[in-house]
Amino acid sequence: MSIEQDIAKITRQEEELRFGHFSEADAWVLGCLMRACAEARKLPFVIDIRIGTRPLFYTALPGSTPENPDWVRRKVNTVYRFHKSSYRVGREYQFSGKAFDAPRGLDPMDYANAGGGFPIHVKGTGVVGAVTVSGVPQREDHGFVVEMLCRFLGVEHAMLELGPERN
């Protein structure tokens, strides 16, 4: 997929993968689903689900590194600042040719335009939190979160899955 196609598809993912409500119990069920799938695939993820600054689910799987929690923190900051997935923000910046940098108020020590952070959008309320992973290449991080949200929300994943990347 081209950058433009990615941006369009990710925008659709964000529109389709919205919640009627999101509770602590929902975070636990989603987090357990994500952990079980990541374990079965032997993915070295840190998985973080939060509302605002309140962590509701967190796990670090075998193979994750001390760097992964910091990537999660930075991806969450990006989701909260833009109310978009961190991967979409990265693709939009790449498409525009603009730098993702401190002069724009985006210190790379605090923000990451890499895939893996996805907004928890509650219908009628807006973005209230983020589901975030770190551990594999960014497109795969993003794809895993989308796949798990599709399963959790009962949405057809094949309709929202990103194809192979093209530049």
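What you see is a predicted model; the values in this text were computed from it and never measured.

Undergrad: So what exactly am I meant to see when it comes to the packing of helix α3 (residues 68-82) against helix α4 (residues 86-96) here?
TA: The axes of two packed helices give the description: the angle between them and the distance between them. The N-to-C vectors of α3 and α4 enclose an angle of 75°; their axes lie 8 Å apart at closest approach. With respect to α4, the element α3 is oriented roughly perpendicular. When α3 is examined against α4, the residues Lys75, Thr78, Val79 and Phe82 are found in contact with a partner set consisting of Ser86, Val89 and Tyr93. Classifying every residue of the contact of α3 with α4 by side-chain character gives four nonpolar, two polar and one charged.

Undergrad: Could you clarify how one ought to interpret the sheet that holds strand β2 (residues 54-60) in this entry?
TA: Strand pairing in a sheet relies on backbone hydrogen bonds. The paired strands run either parallel or antiparallel. An order of β2-β1-β4-β3 is seen for the four strands of this open sheet, with the pairing classed as antiparallel. What marks the edges here is a single partner per strand, and that holds for β2 and β3 (117-122). Here the average twist between neighbouring strands, direction ignored, is 15°. Relative to β2, strand β1 (residues 46-51) runs antiparallel, the two being bridged by six bridges. Across the sheet, Ile47 pairs through a bridge with Thr59, a residue of β2.

Undergrad: Looking at this model, I keep getting lost on the environment of Ala60. Mind explaining?
TA: Structurally, Ala60 is set in strand β2. Between the C-alpha atoms of Ala60 and Val122, which are 62 residues apart in sequence, the distance is 26 Å. Ignoring anything within four residues of it in the chain, the contact list for Ala60 reads Arg35, Phe45 and Val46.

Undergrad: Looking at this model, I keep getting lost on the nonpolar core. Mind explaining?
TA: One recurring pattern in soluble globular proteins is that nonpolar side chains are buried together. Counting 28 residues, the largest nonpolar core has Phe22, Met34, Phe45, Ile49 and Phe144 as the members making the most contacts within it. Taken together, the elements giving at least two residues each to this core come down to α2 (24-41), β1, β2, β3, β4 (126-134) and α5 (138-153). When residues no more than four places from it in sequence are discounted, the contact partners of Phe144 are Met34, Cys37, Ala38, Arg41, Leu43, Phe45 and Val133.

Rules behind the numbers
Throughout this description, residue numbers start from 1 for each chain and increase along the sequence as written. In keeping with the model being predicted, local features are shown solely for residues with a pLDDT of at least 70 and side-chain atom pairs are shown and tallied solely at 80 or more, while totals for entire chains, interfaces and linings include all residues. Water and hydrogen atoms play no part in the side-chain values, which are based on all heavy atoms of the structure. Axis definition: a line fitted to C-alpha atoms, limited for helices to the stretch in contact. Angles are taken between N-to-C directions and run from 0 to 180 degrees. We count a stretch as a helix when DSSP gives it H or I for four or more residues in a row; a strand needs E for two or more, and each element gets its number in order from the N terminus. In this scheme, roughly parallel covers angles under 35 degrees and roughly antiparallel covers those over 145, while 65 to 115 is roughly perpendicular and the rest are oblique. Contact criterion: two residues are considered in contact whenever any of their non-hydrogen atoms come within 4.5 Å of each other. Residue classes follow a fixed rule: Ala, Val, Leu, Ile, Met, Phe, Trp, Tyr, Cys and Pro count as nonpolar, while Asp, Glu, Lys and Arg count as charged, and any other residue, Gly among them, counts as polar. One bridge is not enough; two strands pair if DSSP finds at least two bridges between them. Each nonpolar core is a collection of buried residues, namely Ala, Val, Leu, Ile, Met, Phe, Trp, Tyr and Cys, held together in the definition by side-chain atoms within 4.5 Å. For every residue, the accessible area (1.4 Å probe, protein chains only) is compared with the maximum for its type, and the residue is labelled buried under 20%, exposed over 50%, or partly exposed between those bounds.

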